[in-house]
Structures are given as structure tokens and as C-alpha cells.
Amino acid sequence: MSKKSVVLAFSGGLDTAFCTVYLREQGWDVTTVTVDTGGFPPEQLQRIQALSQKLGAVAHHTVDARDTLFQGYLRFLIAGNVLRGQLYPLSVSAERACQAVEAVRMAEKLGVQAVAHGSTGAGNDQVRFDVAFRTLAPQLQLITPIRDLALSRQQEISFLAERGFHLPAKTGTYSVNEGMWGTSVGGRETLDSWSTLPEAAFPGGEIPTDLKPLPLIISFDKGVPVALDGKALSAVDVVEKLNALGRPYGIGRGVHLGDTILGIKGRVGFEAPAAHLLIASHRELEKLVLSGKQLFWKETVGNLYGSLLHEGHFFDPLVKDLEAFLASSQDRVTGEVKLVLTPRAHVVEGVRSPHSLMDAKVATYGEANVLWTGTEAAGFAKLYGVAQMLSQKAK
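If you're wondering where the values come from, they're calculated on a predicted model, not measured in any experiment. Residue indices begin from 1 for each chain and proceed along its sequence in written order. Where local features are concerned, this predicted model is filtered to residues with pLDDT of at least 70; where side-chain atom pairs are given and counted, the filter is 80 or more; whole-chain, interface and lining totals use all residues. Excluded from the side-chain calculations are hydrogens and water; all other atoms, namely the structure's heavy atoms, are used.

Caption draft 1: Just the overall build of the chain, in detail. The way it works is that DSSP assigns letters per residue, a run of H or I at least four long becomes a helix, a run of E at least two long becomes a strand, and they are numbered from the N terminus. Helix and strand counts for the chain come out as 13 helices and 14 strands. Dimensions of the chain, computed from C-alpha atoms along their principal axes, come out at roughly 90 × 50 × 45 Å. Total accessible area on the chain stands at roughly 19,800 Å², and carbon and sulfur atoms take up 55% of it. Under the convention used here, Asp and Glu are negative, Lys and Arg are positive, and both His and the chain ends fall outside the count. Just so you know, the charge point we use is NZ for Lys, CZ for Arg, CG for Asp and CD for Glu. Here the chain carries 39 positive and 40 negative side-chain charges, and the mean point of each set is 2 Å from the other. Shrake-Rupley sampling with a 1.4 Å probe provides the accessible areas, and residues are treated as covered by the protein chains on show and by no other component.

Written as C-alpha cells, this is what we have:
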């Protein structure tokens, strides 16, 4: 490899195709790296590799990071029951952090002098990639052609066409980016706060009207999904199967409106069946096996963890502290969750665990118990209200 070599995070889209040719013309030996965090069928990965070779990259590497994504990021999002704005499962946030880390690992392995990405100057991803690259590999030069040149997509297409590379402009009405933890959908309806994305905009398309209720049982071991309907599976397989099962039902569809890293409000459509099904199931299992104070603080910690990941602070030392808390909280989160899928909805019908804190032999809420007498209960209720009684009396 020459002294002027760069690793480019490569998606195979127009922007990274432009970057490959542009960097090569600037005298760089370009190695493209595609980090598979889900959403890439084999034929697409083959197309991406062929495109990289056609564009003149000296080498192309595909990194299967699906298990890395789950173990390093998604299991903590599940443990924290993280849904930003109680809705959005942070699919893109987790994937970009994982992709950036893997790109740096490849750059260090190959001994290149620079790393590059194809993000524009308009969104969150540029910050996530920049922070990761500068934090993990400060010795490497950071190159961002799309942001620096501020070209339009048509200008990029023309640049490539002049050099014999004919990439079609996006022909669809919507921008769709698919990953294991969810698919983001952008279009004219997401540019304001009032319009609604049509069902056809989502990868699952229109929801059939003849769908029957679909019962499922998800098994967890220490907070990690390990089986579906009694069949043992890897966590990645559980996620992928739940995506396939939930997508026709429109599970996990929505439009998230929130604050961007850049300080403005943004809106994005998403479809994330597995994320919504797993978080809803996991949360219910936790209600059965964790104490009230654990549940209270876990909500706070989960929200903070999600914010750090989403906003590009994933390499702050606090992240590892929060992960240690979340991992510890999962020691007893083992059991099964029974739920039913219907169009656009899922309902948790039951939960059981060997670590259940709900024991009918000890006490039944609102009925009988064996731990205390009625007289003891009356004394407790009296003492419980003393502070409030004194506060009212002091008015």
C-alpha cells in the first residue's frame, strides 16, 4: 500500500461512490470498508464489492458486524428499554457507532494514513463519524469530501458520469436505510411536523386486511433474547426473525420528532418490529423480577445511555459506567414473555420467571396475605401518612 492511503466507510450509495473516485484523483489509494449491521442481503453485498472494484478502489472489505452490534450496543438498549421520546429505538445511532469503530479497526489493521466518510454537513451522522474517528484514531487524517465540497447530488452524478461511471439518481420518492435494529424512512412528509407518511413508504408496505392474530413467546436469559416459541436461537437470529414476523403487521412503525445533535428539530419515519417487540417484552419481564427502586433508576439510566449514544457521546467514560449498571441489573431478568401481534399493535399477555417477585402463596394484592395482620397493616398505614398529615396541619 502506498504512503498515501485511506480507508473509506463505504455504503455503495452515490455519496461514497463519489468519494472513492474523488479521493483516488487526489492521489489516495482507497480501501473501501462496508460494515454489515443488518439490512444487507448477500446480493447487495456482492453488488457493493463489485462497485468498489469498478470505481478503482485498491481493495474492498466487508465486515459482518451484526453480532458485534448486538453485543456491544443493542443488548444495552434492550437492558435500558431505550426508546427515544418513548418511540424511536435508536437504530441508526447504534449502527453508526458500530460502523465507525469497525472502520477504525480496519484502518489500524491496514496501517493507512487517513479515514474518510461520505456524510453531508446537514445531519447527525457526520458528528457520530467525526467523533469516533478523532477519538479512536487521532493520529489519522480525517477526510470528508461530501461535506467539504457541498456538492448537490446531481453534481455528484455528473462528476461520475464524466469519468464513465453511470450511477442513477435515487428513483424512489423516499430515502430508506435498513439495518438490523430498524429502518429509517425520509421523505417530504418528514420535512414538517404535520404530514403523515403513507403506509406504502415503509418497507413492509400496505398492511394486509386479512391478517390473523399471531401469538409469540420470547425467552430471555439475563436480559438477552435466546429463544422464540421455544426454539433456541442466537440473539441476532431472534432479532432478524422478529423483524420478518412483525413487518407484515406494521409493528414498530412510526414517525419520531426530536432534537438533533445540530440543535434543530428533526423528524424521521422508522420501522423497527424487533426493537419494539423485544423492548416491550423485556420491560414486562423486568416488572416481574426487579424491585421498584431498580425499575425507577433503570429508567433514568436507560434514558441517559440512549441520549449519549444518540448524540455522539458514546466514547465518554460515563457510557461504560452506565453499561456496568445495566449489565448488573439483568442478573435475574430470565424468563418467558407471551405476546400477540395484530395489525399495528402488539399486546403482552403474560410473563413468567424462576425469579418472580410475585408469589400468590405470600400475598395477593387486594385480598389475603400471610406476612402481616390487619392490625399491623393499620399501624403501617397510619405511620405512612404522618409526614403528609403534619404538612397539612402546618398550613
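Caption draft 2: Highlighting the nonpolar core. Throughout, nonpolar core names a set of buried Ala, Val, Leu, Ile, Met, Phe, Trp, Tyr and Cys residues whose side chains join them through atoms within 4.5 Å. Accessible area is worked out with a 1.4 Å probe on protein chains only. A residue is then buried under 20% of its type maximum, exposed over 50%, and partly exposed in between. L77, W181, L242 and L278 are the most contacted members of the largest nonpolar core, which totals 72 residues. It is helix α4 (residues 91-110) that contributes the most residues to this core, 10 residues altogether. Should any heavy atoms of two residues lie within 4.5 Å, those residues are counted as being in contact. Those residues in contact with L242, other than ones at most four positions away along the chain, are L216, I218, L228, P273, A274, L277 and L278. F18, L23, L45 and A116 belong to the second largest nonpolar core, which has 25 residues in total.

Caption draft 3: Just the sheet that holds strand β3 (residues 59-64), in detail. Pairs of strands are assigned from DSSP output, requiring at least two bridges between the strands. The sheet built from five strands is open, its strands ordered β3-β2-β1-β4-β5 with parallel pairing. One side of each edge strand has no neighbouring strand; the edge strands of this open sheet are β3 and β5 (141-143). Across the sheet, the axes of successive neighbouring strands diverge by a mean angle of 25°, strand direction being ignored. As paired elements, strand β1 (residues 5-9) and strand β2 (residues 29-36) share five bridges and run parallel to each other. Looking across to β2, one finds that V7 is bridged to T31. Between the N-to-C directions of two axes lies an angle of 0 to 180 degrees, each axis being a line fitted to C-alpha atoms and, for a helix, fitted only over the stretch in contact. Contacting β2 and β3, helix α2 (residues 42-55) runs over the sheet at an angle of about 155° to β3.

Caption draft 4: Layout of the side chain of D15. Mapped onto the secondary structure, D15 falls in helix α1 (residues 14-25). Exposure remark for D15: the relative accessible area of 17% places this residue in the buried category. Setting aside residues no more than four positions away along its own chain, D15 makes contact with G118, T120, I146, R153 and E156.

Caption draft 5: Structural view of a nonpolar patch on the surface. Where nonpolar side chains cluster on the molecular surface, the patch consists of F296, W297 and F325 and spans about 350 Å² of accessible area. Considering the arrangement of structural elements, one finds W297 in helix α10 (residues 292-310). Like charges within 9 Å and nonpolar side chains (Val, Leu, Ile, Met, Phe, Trp, Tyr) within 5 Å are joined into patches, using only residues over 30% in relative accessible area that form no salt bridge. When a carboxyl oxygen of Asp or Glu lies within 4 Å of a side-chain nitrogen of Lys or Arg, that pair is called a salt bridge.

Caption draft 6: Examining the UniProt feature "domain: Arginosuccinate synthase-like N-terminal" (unreviewed entry) in the chain more closely. The sites that UniProt annotates as "domain: Arginosuccinate synthase-like N-terminal" (unreviewed entry) are residues 6-164. Within the segment residues 6-164, helix and strand shares are 55% and 15% respectively, and the terminal C-alpha atoms sit 23 Å apart. UniProt positions are given in the numbering used here, feature names are shortened, and annotations may be inferred rather than shown by experiment.

Caption draft 7: Here's a closer look at the environment of R75. If you trace the backbone, R75 turns up in helix α3 (residues 66-79). A C-alpha to C-alpha distance of 18 Å links R75 and G312, two positions 237 residues apart in sequence. At 2.7 Å, the side chain of R75 and the backbone oxygen of Q71 are in polar contact. Counted as a polar contact is a pair of N or O atoms within 3.5 Å, where, for protein atoms, one must be capable of donating a hydrogen and the other of accepting one, and residues adjacent in sequence contribute only when both atoms are in side chains.

Caption draft 8: Geometry of the sheet that holds strand β10 (residues 231-232). Sheet architecture is open: five strands sit in the order β10-β9-β8-β13-β14, paired in antiparallel fashion. Among the strands making up the open sheet, the edge pair consists of β10 and β14 (345-352). Strand direction decides the pairing type here: strand β8 (residues 214-221) and strand β9 (residues 224-228), joined by four bridges, are antiparallel. Counted as the bridge partner of D221 is V224 from β9. In the packing of helix α9 (residues 273-289) onto the sheet, the strands contacted are β8, β9, β13 (335-342) and β14, and the crossing angle to β14 comes to about 30°.

Caption draft 9: View of the pairing of β14. Bridge count between β13 and β14: seven bridges; the pairing is antiparallel. By the bridge assignment, V340 is partnered in β14 with V347.

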